[in-house]
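Chains, contacts and geometry: an overview
Here is how the chains run, residue by residue.
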Amino acid sequence: MSRFARLLHIEASPRGPRSRSSDVARRLIDGIAPATVETLNLFEADLPPFDGTVIEGRYALLAGDAVSPDVVAQWDAIRARIDHFLSFDAWLFSAPMWNFGVPYPLKHYIDLITHPGMTFTVQDGGVTGLAAGRTAIVIGSGALDIRPDGPMAALDHQMTYLNDWVGFIGVTDIHRVDIRPTYGSECEVSAAMDRAYAEADALAAALSRPARV
Ligand SMILES: Cc1cc2nc3c(=O)[nH]c(=O)nc-3n(C[C@H](O)[C@H](O)[C@H](O)COP(=O)(O)O)c2cc1C
């Protein structure tokens, strides 16, 4: 039986059934078999703008200033999105590397849901993440082999960023699966896929055991 009741798959590739990161994510989800899985494809999600008006509205709300009904509605919607995110006990992010980082809708989503008092708190100069006690899995694909310890590791602003962000909001149980390089000879790419499937299967087996034995 899976140790996760509710898993949110946050999918950041627009390539649908052709996506390598989504493909490995689905294999991992099948292996983990959580009681409930919800998929949020960020290229299909209608994310509201996160712009100057929204930011100034937050500062005004924090200061106790009068704000327009639009601002109240915008922040109610953001609050609802954060409550939805925090209602899961595990998050699976699947994302290709785009220009060394993450695709823009994933950054947009992170900007929408990361706010003091909502996803983390700051007290006496210390930060406490409000997502503590949950699990995050990051599946990343990329044409280049930027895995740790390799010669191109310094170009990684995708896996390191996601790892640091989930850590910032309090997650300590973080797992990673790489699919790379996805550019090269057929043999190299299929070896990358086989490696990722094997990592996903091993992770599914590890996550299917009780957290403490
Ligand atoms: C706009 C764009 C930018 C990309 N930038 C990078 C990059 O900086 N580094 C890299 O390794 N691959 C890069 N790629 C290649 C993808 O990461 C790679 O094809 C990946 O396997 C796609 O995963 P997916 O099938 O899950 O979408 C880029 C692809 C696109 C479309």
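For the structure itself, consult the block above.
Keep in mind that what you see is a predicted model, and the values were worked out from it rather than measured.

Details of the pattern of salt bridges
Evaluation of the coordinates by the stated rule reveals 7 salt bridges. A salt bridge links Arg3 to Asp173; the shortest N-O distance between them is 2.9 Å. On the criterion of sequence distance, the pair formed by Arg3 in the segment before β1 (6-11) and Asp173 in strand β7 (residues 173-179) is long-range, its members being 170 residues apart. Owing to a relative accessible area of 29%, Arg3 belongs among the partly exposed residues under this scheme. Between Arg27 and Asp201 there is a salt bridge, with the nearest N and O atoms lying 2.6 Å from each other. With Arg27 in helix α1 (residues 20-32) and Asp201 in helix α6 (residues 186-208), this pair connects stretches of sequence that are 174 residues apart. A relative accessible area of 35% places Arg27 in the partly exposed class.

Notes on the nonpolar core
Residues Ile10, Phe85, Trp91, Phe93, Leu106 and Tyr109 are the most contacted members of the largest nonpolar core, which totals 33 residues. Of all the secondary structure elements, the ones that give two or more residues to this core are β1, α3 (69-86), β3 (90-96), α4 (104-113), β6 (135-141) and α5 (159-168). For this core, the element with the most residues is α3, which contributes 6 residues. In this structure, Trp91 is in contact with Leu8, Ile10, Phe85, Leu86, Ala131, Arg134, Thr135, Ala136, Ile137 and Val171, ignoring residues within four places of it in sequence. By size, the runner-up hydrophobic cluster in this structure holds 19 residues, among which are Phe4, Ile29, Ala200 and Leu207.

A look at a nonpolar patch on the surface
A surface patch of nonpolar side chains, about 300 Å² in accessible area, is lined by Phe100, Leu144, Met152 and Leu155. By secondary structure assignment, the location of Phe100 is in the loop between β3 and α4.

A few points about the site of the ligand
Every one of the 16 residues lining the ligand counts as a neighbour, but Arg15, Ser19, Ser21, Met97 and Leu144 are closest to it. Between the ligand and Arg20 there is a distance of 2.8 Å, counted from an oxygen atom to a backbone nitrogen or oxygen. Between the ligand and Leu144 there is a distance of 2.7 Å, counted from an oxygen atom to a backbone nitrogen or oxygen. Per-class residue counts for the shell around the ligand are 6 nonpolar, 7 polar and 3 charged.

Calculation notes
Residues numbered from 1 in each chain as written. Predicted model: local features only at pLDDT ≥ 70, side-chain atom pairs only at ≥ 80, totals over all residues. Heavy atoms only, no water. Salt bridge = Lys/Arg side-chain N within 4 Å of Asp/Glu carboxyl O. Helix = DSSP H or I, 4+ residues; strand = E, 2+ residues; numbered from the N terminus. Buried < 20%, exposed > 50% of the residue type's maximum accessible area, 1.4 Å probe, protein only. Core = buried A, V, L, I, M, F, W, Y, C linked by side-chain atoms within 4.5 Å. Contact = heavy atoms within 4.5 Å. Patch = residues over 30% accessible without salt bridge, like charges linked within 9 Å, V, L, I, M, F, W, Y side chains within 5 Å. Areas by Shrake-Rupley, 256 points an atom, 1.4 Å probe, with all protein chains shown as cover. Near = heavy atom within 4 Å. Polar contact = N/O pair within 3.5 Å; in protein donor to acceptor, adjacent residues only side chain to side chain. Nonpolar A, V, L, I, M, F, W, Y, C, P; charged D, E, K, R; others polar.

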